[in-house]
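Understanding the architecture of this molecule
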Amino acid sequence: MEPANLVTYTDLWQVLGILSGIWFAFLSLIISLAVAWYVRDSNRRDKENDRRRSEAESNNERRHQELLKAISLLYRHVHADGSPAIVPLPDVDPVAPAPADN
């Protein structure tokens, strides 16, 4: 056997280092893709939740305005100086009992 055909330990260590580097790069790529997918999916869910929340808030505001419009003949809407939110008008007898003071 000629010495030029022998594989030395140094050659084996170099091949092992190269293969380890390739595996490390491959696993890093897979992990990076998984993290990127998770972040994208989380952002999508957050945007969807924000959209739902804003729709609910607009629906609540619309219902609030409809309620105020419906009772505006008997009550006035007041939010000043710690007064109750809805108080009876002084010249109208309420059909239903006035809201209880808490």
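An account of the accompanying structure is given in this report. (Residues numbered from 1 in each chain as written. Predicted model: local features only at pLDDT ≥ 70, side-chain atom pairs only at ≥ 80, totals over all residues. Heavy atoms only, no water.)

1. Structural notes on the overall build of the protein chain
Filter applied, for reference: The secondary structure listing takes helices from DSSP runs of H or I that are at least 4 residues long and strands from runs of E that are at least 2 residues long, numbered from the N terminus. Here the term buried applies to any residue with accessible area under 20% of the maximum for its type, exposed to any over 50%, and partly exposed to those in between, with areas from a 1.4 Å probe on protein chains only. Contact definition: two residues touch when any of their heavy atoms are within 4.5 Å.
Broken down by element type, the protein chain carries 1 helix and 2 strands. Buried positions account for 6% of the 102 residues belonging to the protein chain. Contacts spanning at least 24 positions in sequence make up 3% of the contacts within the protein chain whose residues lie at least 6 apart.

2. Considerations on the side chain of Ser 42
The criterion, for reference: Polar contact is defined as a pair of N or O atoms within 3.5 Å, subject to the rule that within protein one atom must be able to donate a hydrogen and the other to accept it, and that residues adjacent in sequence are counted only when both atoms are side-chain atoms.
Assignment of secondary structure puts Ser 42 in helix H1 (residues 9-71). Given a relative accessible area of 16%, Ser 42 falls into the buried group. One polar contact links Ser 42 to Arg 45, side chain to side chain, over a distance of 3.3 Å.

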